[in-house]
Amino acid sequence: MIGRLNHVAIAVPDLTAASATYRDMLGAVLSDAVPQPDHGVTTVFIELPNTKIELLEPLGAESPIAKFLERNPNGGIHHICYEVDDIGAAARSLVEKGARILGDGTPKIGAHGKPVLFLHPKDFCGTLVELEQA
Ligand code: CO
């Protein structure tokens with residue numbers, strides 16, 4: 001089921017400062033900042049040769065990363081995203097095996113325009129896992 005690592009998402013309190021760190025210290029090539037009101041975040045994408053990094057800054061009062069940043073005021077790794085060939089089949093198989101899917105359990109369109117779902121960190125070694133349709 002599990003496929004390529006699609007991205008690692010890092011929540012940051014200040015997207016401009018985080019972007020400057022990746023650009024100036026690490027020589028990363030960054031996308032423009034993209035507000036994603038449906039997801040409550042503003043994102044900057046960093047393309048690496050083998051995967052992507054996404055810097056996430058809260059957008060709006062209901063941002064899903066606000067609580068994470070309260071607990072981790074300097075930012076931190078928020079989730080990792082694996083690709084799966086068939087997200088519907090993956091969801092059914094995971095539920096059968098006792099994993100918990102966040103929200104109403106059905107895939108939603110994610111930040112890349114593809115169906116995604118999130119798995120409960122308590123079921124996956126303390127890490128929030130996103131699955132994305134490849
Ligand atoms: Co993600």
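Along each chain, the written sequence defines residue order, and numbers are assigned to residues from 1. Local features in this predicted model are restricted to residues of pLDDT 70 or higher, and side-chain atom pairs are both shown and tallied only at a pLDDT of 80 or more, whereas totals for entire chains, interfaces and linings draw on every residue. Side-chain metrics in this entry use all non-hydrogen atoms of the structure; hydrogen atoms and water are not considered.

Visitor: Just to check I follow, could you spell out the state of the cysteines for this structure?
Guide: Disulfide: a covalent bond connecting the sulfur atoms of a pair of cysteines. The criterion for a disulfide is a pair of cysteine sulfur atoms lying within 2.5 Å. Within this structure, the stated rule accounts for zero disulfides. Free cysteine cysteine 81: the closest other cysteine sulfur is in cysteine 125, separated by 17 Å. Partly exposed residues are those whose accessible area sits between 20% and 50% of the maximum for their type, while under 20% is buried and over 50% is exposed, using a 1.4 Å probe and protein chains only. Taking relative accessible area as the criterion, cysteine 81 reaches 0% and is therefore assigned buried. Residue cysteine 125 is classed as exposed on the basis of its relative accessible area, which comes to 81%.

Visitor: Explain the sheet that holds strand 4 (residues 52-58) here, please?
Guide: Hydrogen bonding along the main chain pairs the strands of a sheet, whether they run parallel or antiparallel. Strands were regarded as paired on the criterion that DSSP finds at least two bridges between them. Secondary structure elements are taken from DSSP: a helix is a run of H or I of four residues or more, a strand is a run of E of two residues or more, and numbering for both begins at the N terminus. Taken together, the eight strands give an open sheet; going across it, the order is 2-3-4-1-5-8-7-6, and neighbouring strands pair in mixed fashion. At either margin of the open sheet sits one strand with a lone partner, and together these are strand 2 (34-36) and strand 6 (108-109). Bridge analysis of strand 2 against strand 3 (residues 41-47) gives three bridges, and the strand direction is antiparallel. When the bridges of strand 3 are listed, proline 35 appears paired with threonine 42.

Visitor: Can you walk me through the environment of leucine 55 in this structure?
Guide: Here leucine 55 lies in strand 4. Separated by 22 residues in the primary sequence, leucine 55 and alanine 33 place their C-alpha atoms 9.2 Å from one another. Residue contacts are defined here by distance: any two heavy atoms, one from each residue, within 4.5 Å place the two residues in contact. Among residues more than four places away in sequence, those in contact with leucine 55 are Ile10, Val12, Leu15, Ala18, Ser19, Tyr22, Thr42, Thr43, Val44 and Ile46.

Visitor: Help me understand the nonpolar core in this model?
Guide: Residue types Ala, Val, Leu, Ile, Met, Phe, Trp, Tyr and Cys, when buried and joined through side-chain atoms within 4.5 Å, form a set referred to as a nonpolar core. The biggest cluster of nonpolar side chains holds 22 residues, and the ones touching the most others in it are Ile10, Val12, Ile53, Leu55, Leu117, Leu119 and Leu131. Counting only elements with at least two residues in this core, the list comes to strand 1 (5-11), helix 1 (15-26), strand 3, strand 4, strand 5 (76-84), helix 3 (87-96), strand 7 (115-119) and strand 8 (129-133). If one sorts the elements of this core by residue count, helix 3 sits on top with four residues. Residues within four places of leucine 117 in sequence aside, it is in contact with Ile87, Ala91, Ile101, Pro107, Val129, Glu130 and Leu131. Val41, Leu56, Phe68 and Leu69 belong to the second-largest nonpolar core, a separate cluster that totals seven residues.

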